[in-house]
Amino acid sequence: MLTLPNTQPVLRPGMIEFGWGHPDPTLFPVADLAAAAAATLADHGHDALGYGPAQGPGRLLEAVRARLGRLEGVTPPPEQLLITGGTSQALDMLCGQLSRPGDVALVEAPTYHLALRILRDRGLRLVTVPSDVQGMHVETAAVLLQMLRARGERVALLYLVASFSNPTGVSLTRDRRYALAVLARREGLPVIEDDTYGELWYDAPPAPTIYNLMPGGPIVRLGSYAKVLAPGLRLGWMLASSEVVRRCLETGVLLSGGGVNHFTAHVVATLLEQGLLDTHIERVRAALHHRRDVLLTALSRHLPAGCTWGAPLGGYFVWVRLPSDLAAATLLPAAEAAGVSYLSGERCFAEAGGQHYLRLSFSLLSPVQLEEGARRLGEVLRAALGVRR
Ligand SMILES: Cc1ncc(COP(=O)(O)O)c(C=O)c1O
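Residues numbered from 1 in each chain as written. Predicted model: local features only at pLDDT ≥ 70, side-chain atom pairs only at ≥ 80, totals over all residues. Heavy atoms only, no water.

> For this particular structure, what's the right way to read the domain arrangement of the protein chain?
It is common to report an interface's size as the accessible area lost on association of the parts. Assigned domains within the protein chain: domain 1 (16-28 + 278-385) and domain 2 (43-275). Distance between the C-alpha centres of domain 1 and domain 2: 26 Å. With 28 residues of domain 1 in contact, the opposing surface of domain 2 contributes 31 residues. Both sides together, the interface formed by domain 1 and domain 2 hides about 2,700 Å², and carbon and sulfur atoms give 58% of it. On the domain 1 side of the contact with domain 2, Asp278, Arg285 and Ala350 bury the most area, a combined 22% of that side's loss. At the boundary of domain 1 and domain 2, one finds 3 salt bridges. Linking domain 1 with domain 2 are 14 residue pairs in polar contact (both at pLDDT 80 or more), by the criterion used here. Those elements that provide at least two residues to the side of domain 1 that touches domain 2 are helix 11 (276-302) and strand 11 (317-321). Among the elements that take part in the side of domain 1 that touches domain 2, helix 11 stands out by supplying 9 residues, more than any other. (Domains from an automatic or database assignment. Contact = heavy atoms within 4.5 Å. Buried area = accessible area lost by both parts, 1.4 Å probe. Salt bridge = Lys/Arg side-chain N within 4 Å of Asp/Glu carboxyl O. Polar contact = N/O pair within 3.5 Å; in protein donor to acceptor, adjacent residues only side chain to side chain. Helix = DSSP H or I, 4+ residues; strand = E, 2+ residues; numbered from the N terminus.)

What follows is the structure, given as structure tokens:
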């Protein structure tokens, strides 16, 4: 058997796994999906089991457009929407359309570590744009773009997670979103807005998406059902200019195989037509909100002085800064020996950085585990600092 690097969770007995940014399986809407699958087979079986249209089944395209129109006040035109196999597949497909090996991709520092992997797999050279508590520094992105172009480099795209970022939980402010949309349009720079967490807000929705701020600009917005329903569905959607959608539709993969995950797309269409996605998302938001509160309280109680973190307003993650004499990757073996694990910050930086940060994901853990995990982490950090309780 081949030994492959593992990117899916292996939950180790006794280990509190803050490292995996995965949804909690106990929150999957299994019964609703079972009923939707049965209804899909009964009502649309012949369509749903055939090859599907490259853009996705018309029922799902209509349901996604209607839902976005209702929630955001902007109904995207049909030719700007494409059903995808989730954000990861869409990002890879976009790289194929928008870039050539050797091009530059601008990415936030820090950003989603596996997006870095997808971009690198396509031969892109990654250049980082710094960020702060308001999200990416758009002015720095503009300067970098000029510098790179002046050196004769081709900057193919900019990728970012604008709402409830993985790994920081931070959202780009409205002003910076607008500035980025203006930059994208002025410079003809494709911006890929990974909106995987945009719906998982706790008290209030995030600022309008960059895509909605500049309709018709070179912005591509990626939505996913992985975190709001279940990742095993492998389903999402892309909003982009009709030109980008057309180029994706004309790829051999879609011409040969038809729309991706066609049966799943029909099942999700049924769920949306039944109005069940909205009620389910309410449940997920409430669970995440509660877990965030439990974790923040536990961190305040257990982490030693010198550690700092922000309070995310949505999504899965708390980004902790350690005192500067501690390095997250160096400490990880001691933490795991003490029964707690996390993602070391440097994995989220395409260039240097992140040594003093760690990402805690609270999506997968129960309140009891969150409290105990924070306690174990606090002990490890105190021991490393030589601090007594
Ligand atoms: C920012 C971000 N984008 C994309 C993904 C993966 O999305 P999908 O399952 O739709 O491919 C994740 C999963 O952790 C993520 O955190």
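The rest of the description comes next.
> Explain unusual backbone geometry to me, please; I cannot follow it from the model alone.
Excluding glycine, residues mostly have negative phi values, and the peptide bonds linking residues are mostly trans. That bond from Ala109 to Pro110 is cis: its omega, 5°, falls within 30 degrees of zero. Along the chain, the position of Pro110 falls in the loop between strand 3 (104-109) and helix 4 (113-121). The omega angle of the peptide bond from Asn166 to Pro167 is 20°, so this bond is cis rather than trans. Tracing the chain through its elements places Pro167 in the loop between strand 6 (155-160) and helix 6 (174-187). A positive phi is found at Arg234, a non-glycine position, where the angle reads about 50°. Mapping Arg234 onto the fold places it in the loop between strand 8 (219-224) and strand 9 (236-239). Even without being glycine, Asn261 reaches a positive phi, approximately 45°. Tracing the backbone shows Asn261 in the loop between helix 9 (252-257) and helix 10 (262-273).

> Is there a simple way to think about the sheet that holds strand 10 (residues 308-309) in this case?
The pairing of strands in a sheet happens through backbone hydrogen bonds and is either parallel or antiparallel. Strand order in the open sheet made by the 4 strands is 10-11-14-13, with antiparallel pairing throughout. Only two strands of the sheet have a single partner each, and these edge strands are strand 10 and strand 13 (343-344). As judged from the 2 bridges shared by strand 10 and strand 11, these two strands associate in the antiparallel manner. Note on strand 11: the bridge partner recorded for Thr308 is Arg321. (Pairing = 2+ DSSP bridges.)

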